Amino acid sequence: MEWNFWNDSSKDTSMMVNRHKHLSGCEGNSREFRSWSNLPVDVFNIIGRQLDFIKRVCKNSQKIQAIGPLYEILQVPRLMEHSWGFNVYSLCSFHLPIENQSHVTYNKIEGKELNDAVICASKFDWLLLQKSTLSFFYNPYTKTIIKLPDLDINFNRSTFSSVPTSPDCVCFAIQSSKNSSKMWLSTCQPGDRKWSTTVKFAGPKRAVEDVVYSNGTFYCVFTGGALGAFCVVHRYWSMLMDVNLVPGILSDTRGHMVESNGQLWLVYRSSSMCFRVFNFDWSEKTWDETYTLGCQAFFLGCTSFSVSAEGETAGFAERIYYHCDTYSSYYSLKTKQSHQCTFYPWVTERGPERVWIQPPKIWSKLV
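Reading the values: rules and limits
- Residues numbered from 1 in each chain as written.
- Predicted model: local features only at pLDDT ≥ 70, side-chain atom pairs only at ≥ 80, totals over all residues.
- Heavy atoms only, no water.
- Core = buried A, V, L, I, M, F, W, Y, C linked by side-chain atoms within 4.5 Å.
- Buried < 20%, exposed > 50% of the residue type's maximum accessible area, 1.4 Å probe, protein only.
- Contact = heavy atoms within 4.5 Å.
- Salt bridge = Lys/Arg side-chain N within 4 Å of Asp/Glu carboxyl O.
- Helix = DSSP H or I, 4+ residues; strand = E, 2+ residues; numbered from the N terminus.
- Phe/Tyr/Trp six-rings, centres within 6.5 Å; stacked < 30°, edge-to-face > 60°.
- Lys NZ or Arg CZ within 6 Å of the ring centre and 35° of its normal.
- Pairing = 2+ DSSP bridges.
- pLDDT = per-residue confidence, 0-100.
- Axes fitted to C-alpha atoms, helices over the stretch in contact; angles between N-to-C directions.
- Polar contact = N/O pair within 3.5 Å; in protein donor to acceptor, adjacent residues only side chain to side chain.

Visitor: Explanation requested: the nonpolar core in the structure shown.
Guide: When a protein is soluble and globular, its nonpolar side chains tend to lie buried together. Counting residues in hydrophobic clusters, the biggest one holds 17 residues, and the most contacted among them are Phe-137, Leu-148, Phe-160 and Trp-195. For Phe-137, the residues in contact, after removing those within four places along its chain, are Trp-126, Leu-127, Leu-128, Thr-144, Ile-145, Ile-146, Leu-148, Phe-160, Pro-164, Cys-169, Cys-171 and Pro-190. Of all hydrophobic cores here, the second largest spans 14 residues; its members include Ile-174, Phe-222, Ala-226 and Trp-237.

Pasting the structure below:
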């Protein structure tokens, strides 16, 4: 018996889904082929352990394309625990969504002033960290650091638009409070000597809870579901929704906003570990409650994002992954219950930061 590994994009894939026999021309001399979906779990895990943590693939491009379903599994976010050691070392522990594997990296950070910086955002394979008025990008896979200018406001939330090494990358910071009718916004690009002049706008007099970026605009959700938008090019701020707030949401419940293919989603978790999900109606400018995520999964954290859940990753569909105490769980919209993760059974210590981080960009370059 042989295992046939093929690229999912191949036109012949549909012919290989089910087990079949390929006759070599001699009667009785047949070879049996099976797809990746029939690969035993223990064998799958052995292969996963043998792949290099960063590249995960051999250098031969044909072999890289041959691991389609395995590639899909490894595109699922890692669970990362971050802490500081000896005042200069950034300690990152990654948990991979294969069996119960962990990988630890140590990186000496030059400059004690950066020690104890906290993670503000996690996008692509980069982190945005902040300490007082200092902020910088950090890639825990490549150990690359990109420092940003000092910021002149104490912001509530911050994020960025694209990979920090891209010329299109824009950092965004916002400060808003329920105690003030004014809010402050500021932007910056890697390489700038200073942040743009902080702009003061009339605010909703609510604390900002989350920020996402989509198609040239940063969207900010405030307590109760109020939604505002900041256009980067025109530096224009507008409130898309302020009066018709999300119904039945407690004021002390933080909302997590997720951007997915141009759509905005808002997720709230109650004290009973149940979740409510809303999708923004662009025509009516309202949050409409929904009871399905479709073929995707949400990962909630300092930055929340969606992951396609089809094919080999279909088991993640209709799930909301989140951090709970010292472990990670998921809420199933199908069962309406929370479950401890099977792909992320890692129990972490109290104290270190835990975030979801997307896989290294090297995957998209190689496959």
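Visitor: I would appreciate a short explanation of the pattern of salt bridges in the present structure.
Guide: Opposite charge on two side chains permits them to pair, given that their charged atoms come into close proximity. Throughout the structure, instances matching the rule amount to two salt bridges. A salt bridge links Asp-210 to Arg-254; the shortest N-O distance between them is 3.7 Å. With Asp-210 in strand β15 (residues 208-214) and Arg-254 in the loop between β18 (236-241) and β19 (255-260), this residue pair connects regions lying 44 residues apart in the sequence. Take Asp-210: its relative accessible area is 3%, and that puts it in the buried class.

Visitor: Would you mind going over the packing of aromatic side chains with me for this structure?
Guide: One pair of aromatic rings is described through two measures. These are the centre distance and the angle between the planes. One pass over the full model with this rule turns up 22 aromatic pairs. For the ring pair Tyr-213 and Phe-218, a centre distance of 4.9 Å and an interplane angle of 55° mean the geometry is tilted. Three or more aromatic residues joined by ring pairs form one cluster here, namely Phe-172, Phe-201, Tyr-213, Phe-218, Phe-222, Phe-230 and Trp-237. Looking at Lys-123, its charged tip hangs above the ring of Phe-160, at a distance of 5.7 Å from the centre. One cation-aromatic arrangement involves Arg-319 over Tyr-330; the distance from NZ or CZ to the ring centre is 4.0 Å.

Visitor: Please explain the pairing of strand β27 (residues 337-340) as it appears in this structure.
Guide: Consecutive residues of a regular strand have side chains that alternate between opposite faces of the sheet. The sheet contact formed by strand β26 (residues 327-332) and β27 spans four bridges and is antiparallel. In the sheet register, Ser-329 faces β27, and the bridge partner there is Gln-340. Taking the residues that link successive antiparallel strands as the turn, the β26-β27 hairpin has four residues, and the phi of Lys-336 there is positive, at about 60°.

Visitor: Help me understand the confidence of the model for the protein chain in this model?
Guide: A low pLDDT means the predicted coordinates there should not be read in detail. When pLDDT is averaged across the protein chain, the result is 75; 65% of the residues are at 70 or more. Note on residues 1-30: pLDDT is under 50 here. Beyond four places in sequence and across chains, it has 51 contacts. Low pLDDT, under 50, characterises residues 48-68; the stretch is placed with 40 contacts to residues that sit more than four places away or in other chains.

Visitor: Explanation requested: the sheet that holds strand β8 (residues 126-131) in the structure shown.
Guide: Each strand in a sheet pairs with another by means of backbone hydrogen bonds, the pair being arranged parallel or else antiparallel. One open sheet holds the four strands; their spatial order is β7-β8-β9-β10, and the pairing between them is antiparallel. Single-partner strands in this sheet number two, and they are β7 (118-123) and β10 (144-147). Here the average twist between neighbouring strands, direction ignored, is 25°. As judged from the five bridges shared by β8 and strand β9 (residues 134-139), these two strands associate in the antiparallel manner. The residue bridging Leu-128 from the neighbouring strand is Phe-137, located in β9.

Visitor: Help me understand unusual backbone geometry in this model?
Guide: Outside of glycine, negative phi angles account for most residues, and trans bonds account for most peptide bonds. Not every positive phi belongs to a glycine, and Lys-143 is a case in point at roughly 65°. Examined against the element boundaries, Lys-143 turns out to sit in the loop between β9 and β10. Judged by its relative accessible area of 37%, Lys-143 falls in the partly exposed class. One non-glycine residue with positive phi stands out, namely Arg-235, at about 50°. Tracing the backbone through its elements, the reader meets Arg-235 in the loop between β17 (227-231) and β18.

Visitor: Any chance you could explain the environment of Gln-358 here in plain terms?
Guide: Within the secondary structure, Gln-358 is located in the loop between β28 (353-357) and α5 (362-366). Counting along the chain gives 280 residues from Gln-358 to Arg-78, while the straight-line C-alpha distance between them is 6.2 Å. Sequence-distant contacts of Gln-358, defined by excluding residues within four places in its chain, comprise Lys-123, Phe-124, Asp-125, Tyr-141 and Phe-305. In this structure the side chain of Gln-358 is engaged in a polar contact, spanning 2.5 Å, whose partner is the backbone nitrogen of Phe-124.

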